[in-house]
Amino acid sequence: SDEVIENLVKDTALIGKSLNVSGPFNIQFIVRNDELKVIECNLRASRSFPFVSKTLGVDFIAVATRAMLGLPTKPLSIDLSLIPHIGAKVAQFSWSRLPGADPILGVEMGSTGEIACYGKTRYEAYLKGMMAVGFKLPNPKTRPNILVSIGTYKEKALFLPYAKMLIDNGYSLFATPGTADFLNENDIPTKGLEWPLQKPHHNRKNCKCDCFLDDENEYWSLSHHLSYGLIHM
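From a predicted model like this one, the values you see are computed outputs, not experimental measurements.

Section: the overall build of the chain
- When helices and strands are counted, the chain shows eight helices and seven strands.
- Here the chain holds 233 residues, and 30% of them are scored as buried.

Right, dumping it as structure tokens:
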């Protein structure tokens, strides 16, 4: 939201000023329910630095160099409404190319690279990035399995018509436990997959999906399905 973006800009300025930073620094924020939290702050330029420079049309590297050398600098006035494009980065993860690679994300960096793309809208930019890292809309006849994991109740409810659309077009839905329960309760046939170290609580006999594995744990394992290409999107 606009309020979150405004607070993000303010918090970034306060952090930089309180640490007396004279040069580029990298902050990672997380937003949940419109509440901002800082994951980390590093006194270095990240890979995003030149990307942001190109996106906004400002040579931040030259500005940072002047600041570090103690040369006079002026505050930059950037009007985002005048930027004719949106920039987005999409991660390239190992498990999409290496069968058996660990697909579970944690605090460590799990990506092996990333793609930066531009578009007239954030949706166009993100879709270009997804296509650039190898994403393809799977054919429902040969690659029908789609994994869904949705956070809040409101977001789950908003997704219902799209879930039905996927089923009507021949796709099979897989989901993490909470999402699977919600979709099944709303007459959307979905196979639930368990998080790592979580014991299966589904009734296999009642599952309407055709994906059967020899091992009971593998049958319900999210990690196994992702690592071995049983999920197509």
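Brief notes about the packing of aromatic side chains
- According to the stated counting rule, one finds three aromatic pairs in the structure shown.
- Judged by centre distance (6.3 Å) and plane angle (40°), the ring pair of F49 and F60 falls under tilted. Remark: F60 occurs in helix α3 (residues 60–68) and F49 occurs in helix α2 (residues 48–56); sequence separation between them is eleven residues. With respect to class, F49 is no different from F60; both count as buried.
- Summarising the aromatic geometry, the rings of F51 and Y118 are spaced 5.6 Å apart at their centres and angled 35° between planes, so their arrangement reads as tilted. Of this pair, F51 sits in helix α2 while Y118 sits in strand β4 (residues 111–119), and the two are 67 residues apart along the sequence.

Observations concerning the environment of D34
- Along the chain, D34 turns up in the loop between β1 (26–32) and β2 (35–42).
- Spatially, the C-alpha atoms of D34 and E3 are 8.2 Å apart, while their sequence positions differ by 31 residues.

Digging into the packing of helix α5 (residues 153–168) against helix α6 (residues 177–185)
- Two elements in contact, α5 and α6, have axes separated by 10 Å at closest approach and are oriented at 55°. One way to sum up the angle between α5 and α6 is to call them oblique. Once α5 is placed against α6, the crossing between them reads as right-handed. When α5 is examined against α6, the residues Y153, K156, A157, F159, L160 and A163 are found in contact with a partner set consisting of G178, T179, F182 and L183.
- Taken together, the residues that form the contact of α5 with α6 break down as seven nonpolar, two polar and one charged.

Some thoughts on the sheet that holds strand β6 (residues 172–175)
- Pairing is parallel across the open sheet formed by three strands, whose spatial order is β5-β6-β7. Strands with a single pairing partner mark the edges of an open sheet, and in this sheet they are β5 (145–148) and β7 (190–192). Sheet twist, expressed as the mean angle between neighbouring strand axes with direction ignored, is 30°.
- Pairing analysis gives three bridges linking β6 to β7, with the strands arranged parallel. In the strand pairing of β7, F174 is matched with K191.

Structural notes on a nonpolar patch on the surface
- Together, I5, L8 and V9 make up a nonpolar patch on the protein surface, roughly 240 Å² of accessible area in all.
- As for its placement among the helices and strands, V9 is situated in helix α1 (residues 2–18).

Side note on helix α4 (residues 122–132)
- Of the positions making up α4, those classed as buried are A125, G129 and M130. Here the buried residues of α4 occupy an arc of 135° about the axis, which is enough to place them on one side. Exposed side of α4, more than 90 degrees from the buried face: Y123 and M131 are the residues found there.
- In the segment just after α4, G134 is the residue with positive phi, at about 105°.

Brief notes about the environment of Y171
- The residue Y171 is located in the loop between α5 and β6 in this model.
- Distance from Y171 to R143, taken between C-alpha atoms, is 8.2 Å for residues 28 residues apart in sequence.
- When sequence neighbours within four positions are dropped, the list of residues in contact with Y171 reads L137, P138, N139, P140, R143, P144, I146 and L166.

Thresholds, definitions, all that
- Residues numbered from 1 in each chain as written.
- Predicted model: local features only at pLDDT ≥ 70, side-chain atom pairs only at ≥ 80, totals over all residues.
- Heavy atoms only, no water.
- Helix = DSSP H or I, 4+ residues; strand = E, 2+ residues; numbered from the N terminus.
- Buried < 20%, exposed > 50% of the residue type's maximum accessible area, 1.4 Å probe, protein only.
- Phe/Tyr/Trp six-rings, centres within 6.5 Å; stacked < 30°, edge-to-face > 60°.
- Axes fitted to C-alpha atoms, helices over the stretch in contact; angles between N-to-C directions.
- Parallel < 35°, antiparallel > 145°, perpendicular 65-115°, else oblique.
- Left-handed = near helix turned anticlockwise from the far one by under 90°.
- Contact = heavy atoms within 4.5 Å.
- Nonpolar A, V, L, I, M, F, W, Y, C, P; charged D, E, K, R; others polar.
- Pairing = 2+ DSSP bridges.
- Patch = residues over 30% accessible without salt bridge, like charges linked within 9 Å, V, L, I, M, F, W, Y side chains within 5 Å.
- Areas by Shrake-Rupley, 256 points an atom, 1.4 Å probe, with all protein chains shown as cover.
- Salt bridge = Lys/Arg side-chain N within 4 Å of Asp/Glu carboxyl O.
- Arc of directions from axis to C-beta.

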